[in-house]
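These are the residues of each chain, in order.
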Amino acid sequence: MAFKTLDDMDLDGRVVLTRVDVNVPVEDGRVTDTTRIDRVAPTIRDLRDAGAKVVLLAHFGRPKGKVVPEMSLRQIVPALAEAFGTEVGFADGGYGDAVSKMSEGDVLLFENLRFNPGEEANDEGFAKRLASVGDVYCNDAFSAAHRAHASTEALARLLPACAGRSMQAELEALEAALGSPKPPVAALVGGAKVSTKLELLSNLVTRVQHLIIGGGMANTFLAAQGLDVKRSLCEHDLADTARDIAAKAEAEGCTILLPRDVVVAEAFEANAPSRVVKVEDVPDGHMILDTGPDSVAHIRTVLDGCATLVWNGPLGAFEIPPFDAGTVDAARYAAELTQAGKLVSVAGGGDTVSALNRAGVADDFTYISTAGGAFLEWLEGKTLPGVAALEG
Ligand code: AMP
């Protein structure tokens, strides 16, 4: 991957148009979770230290090309100012004027870009208008990089462009996990359904040596092998697809690891009476809700022999105890190996972050992506327009 970073750019006295993801939850005018804002703070700090005039470009909600007052970015200015430790200006028009009044180290937020239909249309004219008020473009919004919008794609091609610190960290982690990883590589894919992860599974079997399948989607693979999963969540109509993926894996030299034992219960509810059975022995009236201890021990052994792990999706219905045990156990072991310097572990997408938080290991993985859709598209092997534009 060849992209420039803040260290490659001349920033002193320059107006740096900085795309950030500050699409944070707001209740009664107050930001309730500042994670996304905190993630871009290092970029803002480095830009200001380098003498840049920092113009923030962002979206908020889905106003669909119209001005929707409740989706104004003005309401998050106080949260930005607090996180960045400096005053943050706001402009909802007269952009050229507002920028011309900036001094080095100033931070100015533009109004929600999606109020303009040109943003989501990746309109060249809109991008040119943005470009005309800046000298340098910096993208620090990996989570918006799967969308070709004016502020993520067209604009990057109009100005000298670079990645901000959180974008840089994300791209370096993804490169280490699947771009040019240290082999052997394991991918652990869990979650509810095969149907939502078909492209991801098809891509991963060509890239990794071990594909560990857990969660509800494992049931579809087990049923495709002729096992009776009884009342378990299972996409029976995808049996052929599951067999195709297994065949592709074999042809590519990728081993697929399915559960050998599972935790079953009669009800999908917290603390429902449960027991561990072999996958061949799911009792009538029961459903599979977690990967069993013998299977997790097997996963541990596979991880022992791997240098890299990519993780997406829980091994069971982790939101309801005791069906979080498999996910928690496997996550803690991956974290241990990572902390011992034996494993590069990268996780992300959907529920994965909350599952790893629940296991208390979110800080012990090499990298955890909070990027959702962009992370999944990257696992699917797709080119992300916002990243491609940075690579020039
Ligand atoms: P995903 O968003 O595709 O990663 O799926 C995550 C969801 O899968 C979580 O809500 C889990 O509760 C659910 N899940 C995982 N394993 C099972 C299972 N064996 N049966 C039903 N749901 C499951």
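Since the structure is predicted, the reported quantities are computational estimates derived from the model, not experimental observations.

Quick notes on the rules
Residues numbered from 1 in each chain as written. Predicted model: local features only at pLDDT ≥ 70, side-chain atom pairs only at ≥ 80, totals over all residues. Heavy atoms only, no water. Pairing = 2+ DSSP bridges. Helix = DSSP H or I, 4+ residues; strand = E, 2+ residues; numbered from the N terminus. Axes fitted to C-alpha atoms, helices over the stretch in contact; angles between N-to-C directions. Buried < 20%, exposed > 50% of the residue type's maximum accessible area, 1.4 Å probe, protein only. Right-handed = clockwise from strand over helix to strand, strands pointing away. 1 Å grid on protein atoms, 1.4 Å probe; cavity = no way out; pocket = protein on both sides within 12 Å on 5 of 7 lines; lining within 4 Å. Points joined across faces, edges and corners; volume = space filled by probe spheres on them. Nonpolar A, V, L, I, M, F, W, Y, C, P; charged D, E, K, R; others polar. Near = heavy atom within 4 Å. Polar contact = N/O pair within 3.5 Å; in protein donor to acceptor, adjacent residues only side chain to side chain. Areas by Shrake-Rupley, 256 points an atom, 1.4 Å probe, with all protein chains shown as cover. Core = buried A, V, L, I, M, F, W, Y, C linked by side-chain atoms within 4.5 Å. Domains from an automatic or database assignment. Contact = heavy atoms within 4.5 Å. Salt bridge = Lys/Arg side-chain N within 4 Å of Asp/Glu carboxyl O. Buried area = accessible area lost by both parts, 1.4 Å probe.

A.B. asks: So what exactly am I meant to see when it comes to the sheet that holds strand 17 (residues 367-369) here?
C.D. replies: One open sheet holds the six strands; their spatial order is 11-10-9-15-16-17, and the pairing between them is parallel. Sheet topology places strand 11 (255-257) and strand 17 at the edges, where each strand pairs with a single neighbour. The sheet shows a mean angle of 15° between the axes of neighbouring strands, taken without regard to direction. With three bridges connecting them, strand 16 (residues 344-348) and strand 17 associate as parallel partners. Among the inter-strand pairings, Gly-348 is bridged to a residue of strand 17, identified as Ser-369.

A.B. asks: I keep staring at unusual backbone geometry and nothing clicks. Help me out?
C.D. replies: Pro-183 connects to Pro-184 through a cis peptide bond whose omega is -5°. Looking at the secondary structure, you find Pro-184 in the loop between helix 7 (165-179) and strand 9 (185-189). That bond from Pro-321 to Pro-322 is cis: its omega, 5°, falls within 30 degrees of zero. Here Pro-322 shows up in the loop between strand 15 (308-312) and helix 12 (325-339). The backbone of Asn-122 shows a phi angle near 55°, a positive value even though the residue is not glycine. Looking at the element boundaries, Asn-122 is found in the loop between helix 4 (117-120) and helix 5 (124-131).

A.B. asks: It is not clear to me how the pairing of strand 6 (residues 107-110) should be interpreted in this structure. Could you clarify?
C.D. replies: Looking down a regular strand, the side chains alternate between one sheet face and the other. Across the two faces of strand 6 the burial is the same, with Val-107 and Leu-109 and Leu-108 and Phe-110 all buried. Here strand 4 (residues 53-57) runs beside strand 6; their pairing, made up of three bridges, is parallel. Paired with Val-55 across the strands is Leu-108, a residue of strand 6. Taken together, the three bridges between strand 5 (residues 89-91) and strand 6 define a ladder with parallel strand orientation. Note on strand 6: the bridge partner recorded for Gly-89 is Leu-108. With helix 3 (residues 95-100) bridging strand 5 and the parallel strand 6, this β-α-β connection has right-handed handedness.

A.B. asks: Whenever I open this one, empty space enclosed by the protein confuses me. Can you help?
C.D. replies: Empty space among the atoms becomes visible once a probe the size of a water molecule is rolled across them. For the coordinates displayed, the defined rule picks out two cavities of 30 Å³ or more. The computed volume of the largest cavity comes to approximately 160 Å³. Surrounding the largest cavity, Asp-21, Arg-36, Arg-39, Val-40, Asp-140, Ala-141, Phe-142, Ser-143, Ser-166, Glu-170, Thr-370 and Ala-371 form its lining. Where the lining of the largest cavity is concerned, the elements lending two or more residues are helix 1 (35-49) and helix 7. Residue contributions to the lining of the largest cavity peak at three residues, all from helix 1. Its residues placed into classes, the lining of the largest cavity shows four nonpolar, three polar and five charged. Of the pockets and cavities examined, the second largest cavity occupies roughly 60 Å³. Taken together, Ile-212, Ile-213, Leu-257, Leu-258, Pro-259, Thr-291, Ser-295, His-298 and Ile-299 make up the full set of residues lining the second largest cavity.

A.B. asks: Teacher, can you tell me more about the layout of surface pockets here?
C.D. replies: Its boundaries defined by the atoms lining it, the largest pocket holds a volume of some 450 Å³. What lines the largest pocket is a set of 32 residues, among which Gly-191, Ala-192, Gly-216, Pro-314 and Gly-316 lie closest to the centre. Those elements that provide at least two residues to the lining of the largest pocket are helix 9 (216-224) and strand 14 (287-291). With five residues, strand 14 is the largest single contributor of residues to the lining of the largest pocket. Taken together, the residues of the lining of the largest pocket break down into 15 nonpolar, 12 polar and five charged.

A.B. asks: I'm lost on the site of the ligand in this one. Help?
C.D. replies: If you check the shell around the ligand, you find 15 residues, and the closest are Ala-192, Lys-197, Gly-216, Ile-288 and Glu-319. In the environment of the ligand, an oxygen atom lies 3.0 Å from a nitrogen or oxygen atom belonging to the side chain of Lys-197. Between the ligand and Gly-216 there is a distance of 3.0 Å, counted from a nitrogen atom to a backbone nitrogen or oxygen. Look at the ligand: alone it shows 510 Å² of surface, and the protein chains cover 83% of it.

A.B. asks: For this particular structure, what's the right way to read the nonpolar core?
C.D. replies: Among soluble globular proteins, nonpolar side chains are generally buried collectively. Formed by 76 residues in total, the largest nonpolar core has its most connected members in Phe-110, Phe-142, Leu-155, Leu-204 and Leu-211. Taken together, domain 1 (6-168) and domain 2 (181-379) each give at least three residues to this core, which thus spans both. Beyond its immediate chain neighbours, meaning those up to four positions away, Phe-142 contacts Met-167, Glu-170, Leu-171, Leu-174, Ala-371, Ala-374, Phe-375, Leu-384 and Val-387.

A.B. asks: Help me understand the pattern of salt bridges, please; the structure alone is not making it clear to me.
C.D. replies: One side chain can pair with another of opposite charge once the charged atoms of both are near each other. Counting across every chain of the model gives 15 salt bridges. Across the salt bridge formed by Glu-380 and Lys-382, the nearest N and O atoms sit 2.9 Å from each other. Here the salt bridges do not stand alone but share partners, grouping Asp-7, Arg-45, Asp-46 and Arg-165 into one network.

A.B. asks: Mind showing me how you'd approach the domain arrangement of the protein chain here?
C.D. replies: It is common to give the size of an interface as the accessible area lost on bringing the parts into contact. One can read the domain layout of the protein chain as domain 1 (6-168) and domain 2 (181-379). Centre-to-centre, using C-alpha coordinates, domain 1 lies 37 Å away from domain 2. Taken residue by residue, the interface counts five residues in domain 1 and eight residues in domain 2. Buried area between domain 1 and domain 2, both sides added, is near 590 Å², and the carbon and sulfur share of it is 55%. Taken together, domain 1 and domain 2 are joined by zero salt bridges.

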